[in-house]
Amino acid sequence: MYPPFDYFEHYRACVNKQRKRDARFESLPVTYNGPLTAQQRSILNAPIGSLVQDVQAGKLSPIHILRTYGKTAAVAQKQTNAVTELLLPEAESWAKDGVDLKGPLAGIPVSLKDTIVVGGFDASVGYSGKVFKPHAEDGIMVKLLKRAGAIPHVKTACPITLLSFESANSLWGVAKNPHNQKYSPGGSTGGESALLALNGSRIGVGSDVAGSVRAPAAWAGCYSIRCSTGRWPKGGIDTSMPGQEGIPSVYSPMARTLDDLVYFTESFIGMKPWEVDYSVHPIPWRSDALEAASSKPLRIGYMTTDGVVDPSPAIKRGLDMTAAALRKDGHTIIELPSQSAFPSTASPAYGLQVASMLLCADGGKTFKRFFRTGEWNDPGAAQIYFYMSLPRPVKYLWYLWTKYAKGDSLWASILRYFHPLSANEQWKWVAKREKFRADWFSWWDRPENQFDFILAPANATPALPHGAMKDAVSSCGYTFLWNLLDYSAGVIPVTHVDAEKDALSADFKPKNGVERGAYKHYDSKKMEGLPCAVQVIGRRLTEEKTLGCMQVVEEALGKDGVVYEQLDIEKFM
């Protein structure tokens, strides 16, 4: 069907899918309603490892765990609109006959980003044209999860293009941050972070191409790790940009606690995913690397700024708290050199340019071809498409104006080449990516560096209000840099925004267009109570060591009296 007639198909699909989802929630039996029982509170508070042991020993039924998280997911849905597909009651049948209850994840509910294929359900990616087309069987990732004993119970919200730190589309509506419903839970795996923040799930699985599990974790107050390519399966999913490999998307886990994140990651890699997915490297779990991180004082690089967007007062306070706690615990903190001290081919600003060009090399044509008439575009993705679609002579004049009249050479450098690339042009940018990676490899190997990890902001600001990506879409450098380098990187929540402590200085003035967009919506009074997080970055394919370093960070914060306070689901029931 062609425009404008497909508008009616789009509208009907949106209405019918939301009605179907809501009806499934409303039809849940009484066991999924009412206050939490004493046993359910115990389930919510127990570590994953303890729950698995009880299920394997026959002391705890996986149905009881599933009904606990079905109940909390229903409450979380009312607060956040995070759920797209409710997999109950099918999940109950999987718990009885469909998962291995002797596996390392026996009985553990897992929520999945909407892009992940579950047999019998859609993988809409937020597009109305992809609904009412249920997949015939589970994808590779879900098959592995069930083989490990995990039970998928919901699928969750993402932005329509997967290119945003928001999670909204006209098919499912707007996913909200449980700390403040006027704010985004992040994206593109924002439904997962919103659900985890309210204990509506135990483990979430999402994808990350520019920060898409880390920004949501930071904005909603949970934990995540972005794995390097090859440590996690990429089969059994749908996407908005099939074939995009300039900056590969990586599926990775999220959790409400660091203990759960470590346990789940170890258990999943222990299932030997390389035996069923060609893209996974045959690298077994390396416990020694995890344990080694806590066996000696660490040498830590401290990135206080990427030179593009300085961290906002709230984020800087969380970083300073973390660095101070690590120093008190006996670790060496070395502030990284300013941007000008990096090699010119390896500065974070140049990295943002290279990563942006590679991710958007097709000019947005691929994600746009799935749109129907009347379908919302994400405001950030719309800006990308707008810039990419400008005639090159117009763009060049804009570039000249920005660089010479406005004196903003950084923003001008991004505008200068931001257009669809030919194959020849893309190969040149891939070559720049490889040179960038080589220079960073050499930089980290220098005797004066040799860091165990880098401590950095997870994002320049806390969560931003809905629609803010129109202005802040380019402010993703603190996560995007590590995608370009393919490093492992984790997020740890530290504190919350304080209206007085985190107020912006009266004389603050943005130094470039990227920073202007990032700070346009920063208001510590309106943001009060939103999470503030830090990022722990390791080298490529060092997930075990990175998780071990995250444990060191959390332990140091705890010794210093800094314990992140999670939301309590019972306050919303």
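Basis of the calculations
- Residues numbered from 1 in each chain as written.
- Predicted model: local features only at pLDDT ≥ 70, side-chain atom pairs only at ≥ 80, totals over all residues.
- Heavy atoms only, no water.
- Helix = DSSP H or I, 4+ residues; strand = E, 2+ residues; numbered from the N terminus.
- Rg over C-alpha atoms; globule rule 2.2 N^0.38 Å.
- Buried < 20%, exposed > 50% of the residue type's maximum accessible area, 1.4 Å probe, protein only.
- Contact = heavy atoms within 4.5 Å.
- Areas by Shrake-Rupley, 256 points an atom, 1.4 Å probe, with all protein chains shown as cover.
- Lys, Arg positive; Asp, Glu negative; His and termini not counted.
- Charge placed at Lys NZ, Arg CZ, Asp CG, Glu CD.
- Pairing = 2+ DSSP bridges.
- Phe/Tyr/Trp six-rings, centres within 6.5 Å; stacked < 30°, edge-to-face > 60°.
- Lys NZ or Arg CZ within 6 Å of the ring centre and 35° of its normal.
- Axes fitted to C-alpha atoms, helices over the stretch in contact; angles between N-to-C directions.

Novice: I would appreciate a short explanation of the overall build of the chain in the present structure.
Specialist: Looking only at helices and strands, the chain has 22 helices and 13 strands in total. At 23 Å, the chain has a C-alpha radius of gyration in line with the 25 Å of a compact globule built from 573 residues. Along the first, second and third principal axes, the C-alpha atoms of the chain reach 65 × 65 × 50 Å. Taking all 573 residues of the chain together, the buried fraction comes to 61%. Excluding contacts between residues fewer than 6 apart, the proportion of contacts in the chain whose partners are at least 24 apart in sequence is 82%. When the accessible area of the chain is evaluated, it comes to approximately 21,400 Å², of which 54% is carbon and sulfur surface. If the 64 positive side-chain charges of the chain are averaged to one point and the 58 negative ones to another, these points end up 4 Å apart.

Novice: Explain the pairing of strand β11 (residues 453-457) here, please?
Specialist: Working note: regular strand, side chains alternate between the two faces of the sheet. Burial within β11 is extensive, with five of its five residues counted as buried. Summarising the sheet, strand β9 (residues 299-302) and β11 pair through three bridges and their orientation is parallel. Residue pairing in the sheet places Y302 in a bridge with L455 of β11. Bridge count for β11 against strand β13 (residues 531-537) is four bridges, and the pairing is antiparallel. Bridge pairing links P457 to V534 in β13.

Novice: How should I be thinking about the pairing of strand β7 (residues 223-226) in this particular structure?
Specialist: Residues Y223 and I225 of β7 are buried on one face, and the alternating residues S224 and R226, pointing to the opposite face, are buried as well. The pairing of β7 with strand β12 (residues 489-496) spans three bridges and is classified as antiparallel. Following the sheet pairing, I225 is matched in β12 by G490.

Novice: Whenever I open this one, the side chain of T72 confuses me. Can you help?
Specialist: Within the element layout of this structure, T72 appears in helix α4 (residues 62-80). Residue classification places T72 among the buried positions, given a relative accessible area of 0%. Every residue in contact with T72, bar those within four places of it in the chain, is listed here: L36, L44, N199, G200 and I569.

Novice: What should I look at first to understand the packing of aromatic side chains in this one?
Specialist: Centre distance and the angle of the planes are the two values used to describe a pair of aromatic rings. Considering all chains together, one arrives at 25 aromatic pairs under this definition. Ring geometry for W482 and Y487: centres 6.1 Å apart, planes at 15°, overall stacked. Its end group placed over the ring of W94, K146 keeps NZ or CZ at 3.7 Å from the ring centre. For R416, the ring lying beneath its charged end belongs to Y399, and the centroid distance is 5.2 Å.

Novice: When you look at the side chain of E92 in this model, what are you seeing that I'm missing?
Specialist: Relative to the assigned elements, E92 resides in helix α5 (residues 90-96). Its relative accessible area of 11% is what places E92 among the buried residues.

Novice: Looking at this structure, how should I read the sheet that holds strand β1 (residues 83-86)?
Specialist: To summarise the sheet geometry, strands pair through backbone hydrogen bonds and adopt either a parallel or an antiparallel arrangement. Taken together, eleven strands build an open sheet; the order of strands is β1-β3-β2-β6-β8-β7-β12-β13-β11-β9-β10 and the sheet is mixed. Two strands bound the open sheet, and with one partner strand each, they are β1 and β10 (332-335). Looking at each pair of strands side by side, their axes are set apart by 30° on average, direction ignored. Sheet analysis places β1 next to strand β3 (residues 151-156), joined by three bridges and oriented antiparallel. Across the sheet, the residue bridging to V83 is T156, located in β3.

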